[in-house]
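Coordinates in review
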Amino acid sequence: MKNMTKAAVALLAASALQAFGQSYPTKPVHVIISFTPGSSTDIVGRIVVQKLSEIWGQPVIPENRSGAGGSIGTAAAAKAPADGYTLLVDSNAHTLTPSIYAKLPYDVEKDFVDIAPLASQPNVLIVNANSPYKTLMDLVNAAKAKPGAINWGHAGVGSGTHLNTEKFVAASKINVTQIPFKGTPEVVQAMLSGSVDCYWAPISAAIPHIKGGRVRPLAVSSPKRNSQLPDVPTTGEAGVQGADAPLWFGLWAPAGTPANIVAKISADTRKALADPGVRDRLSNLGNDTMDMSPQDFARFVRSEVREYARVIKAAGIKPQ
């Protein structure tokens, strides 16, 4: 060993690391999901996690840790060992919370490795099936007639549904009372009980309630209509411009996770998303799968951090 050159030692180390990456995973992988069971983040995350378990031949165990716009689960993931055995599934709240919370216990750009995006979908504005609001403009006009009277739910300060609410309020020039919850199931339950009037629900979580006749969709937050709800207009078509706010989901690991492990997780995640069964399950819930290298995803994440910072500042929201 003493006679080995530095180059030989480096090559040996690289070979060992590569072998380690090829054998990964050799034990169960834990995936922290930053929102509640039944939320859109949870639904999308579990579909992908199930396929990864099949690909790896190891249990991949989802664990919901919700609250504070996804930042509680994200903080737990940031503190986990950087060995590839604890991962994070989060929504675009991951890039929104830095502009919402003044003292996050982690740094989105420094404490995580960006692995892969999973899917994107619009939110859909829903009201109780018995609501008097039949169209988007019915709701807007009611809000303008009685400022602050509309109770508008969202899935927690710093969530993607919070951002959608802020963008819509600004674009439509209305004044509403915003009520934060832990996640989508809690908001929907409050709507069904009459505690809130409306919610920008992630479409994958809203579709079962829409098809079940429990809620009424008024608009989707995307530039074009969604194939799963073809009769529901976009916000622009329904009368409000500049309120588009699609939701997306991604996979992260703690900073310091070996590059070859990150590369393997990314490649296998992309393989999972390309599987026809996975694509169909996601598509049937209103999702479009996403495909980026870790490098492209990292650039995308940073651009989203900057964009949300601009939107939050323009909305006049002060970090909490």
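Residues numbered from 1 in each chain as written. Predicted model: local features only at pLDDT ≥ 70, side-chain atom pairs only at ≥ 80, totals over all residues. Heavy atoms only, no water.

1. What about helix α6 (residues 160-172)?
Owing to its 3.6 residues per turn, the α-helix aligns residues three or four sequence positions apart on the same side. With 13 residues, α6 ought to run about 18 Å at 1.5 Å a step, and its terminal C-alpha atoms sit 18 Å apart, in line with that. Downstream of α6 by a residue or two, lysine 173 has a phi angle that is positive, lying close to 60°. (Helix = DSSP H or I, 4+ residues; strand = E, 2+ residues; numbered from the N terminus. Expected span 1.5 Å × (residues − 1).)

2. Focus on the sheet that holds strand β2 (residues 60-64)
In spatial order, the strands read β2-β1-β3-β10-β4-β11; together these 6 strands make up an open sheet with mixed pairing. Each having just a single partner strand, β2 and β11 (288-289) make up the two edges of the open sheet. Pairing of strand β4 (residues 112-121) with β11 involves 2 bridges; the strand directions are antiparallel. If you follow alanine 119 over to β11, its bridge partner there is threonine 289. Lying over the sheet, helix α10 (residues 259-274) contacts β3 (86-91), β4, β10 (247-254) and β11, oriented at roughly 10° with respect to β4. (Pairing = 2+ DSSP bridges. Contact = heavy atoms within 4.5 Å. Axes fitted to C-alpha atoms, helices over the stretch in contact; angles between N-to-C directions.)

3. Here we look at the nonpolar core
In terms of nonpolar packing, the biggest core is built from 30 residues, with Tyr24, Val29, Val31, Leu87, Ile115, Leu118 and Ile265 touching the most fellow members. Those elements that place two or more of their residues in this core are β1 (29-33), α2 (40-56), β3, β4, β10, α10 and α11 (276-283). Sorting elements by how many residues they give to this core places α2 first, with 6 residues. Setting aside chain neighbours within four positions, we find valine 31 in contact with Val49, Val60, Ile61, Pro62, Glu63, Leu87 and Val89. Ranked by size, the runner-up nonpolar core spans 23 residues in total, among them Ile100, Tyr106, Leu163 and Val311. (Core = buried A, V, L, I, M, F, W, Y, C linked by side-chain atoms within 4.5 Å. Buried < 20%, exposed > 50% of the residue type's maximum accessible area, 1.4 Å probe, protein only.)

4. Section: unusual backbone geometry
Here tyrosine 24 and proline 25 are connected by a cis peptide whose omega angle stands at -5°. Structurally, proline 25 is set in the loop between α1 (6-23) and β1. We note that alanine 68 has phi near 55°; this positive angle belongs to a residue other than glycine. Tracing the backbone shows alanine 68 in the loop between β2 and α3 (71-78). For alanine 68, a relative accessible area of 33% translates into the label partly exposed. At lysine 173, a position not held by glycine, the phi torsion is positive, near 60°. Its place among the elements puts lysine 173 in the loop between α6 and β7 (177-180). Taking relative accessible area as the criterion, lysine 173 reaches 68% and is therefore assigned exposed.

5. Observations concerning the packing of aromatic side chains
Following the criterion strictly, the structure yields 10 aromatic pairs and no others. Here the aromatic rings of phenylalanine 168 and tryptophan 200 are separated by 5.6 Å at their centres, their planes lie at 65°, and the arrangement is edge-to-face. Linking phenylalanine 168 in helix α6 with tryptophan 200 in strand β8 (residues 198-202), this pair joins segments that are 32 residues apart in sequence. You'll find phenylalanine 168 and tryptophan 200 in the same group, each marked buried. Chaining the aromatic ring pairs together yields one cluster made of Trp248, Trp252, Phe297 and Phe300. (Phe/Tyr/Trp six-rings, centres within 6.5 Å; stacked < 30°, edge-to-face > 60°.)

6. Some remarks on the pattern of salt bridges
Here the structure, examined in full by the defined rule, presents 12 salt bridges. The partner of aspartate 275 in a salt bridge is lysine 51, and the shortest N-O contact between them spans 3.4 Å. Here lysine 51 lies in helix α2 and aspartate 275 lies in the loop between α10 and α11, a separation of 224 residues in the sequence. You can call aspartate 275 partly exposed: its relative accessible area is 21%. For lysine 51, a relative accessible area of 17% corresponds to the buried category. (Salt bridge = Lys/Arg side-chain N within 4 Å of Asp/Glu carboxyl O.)

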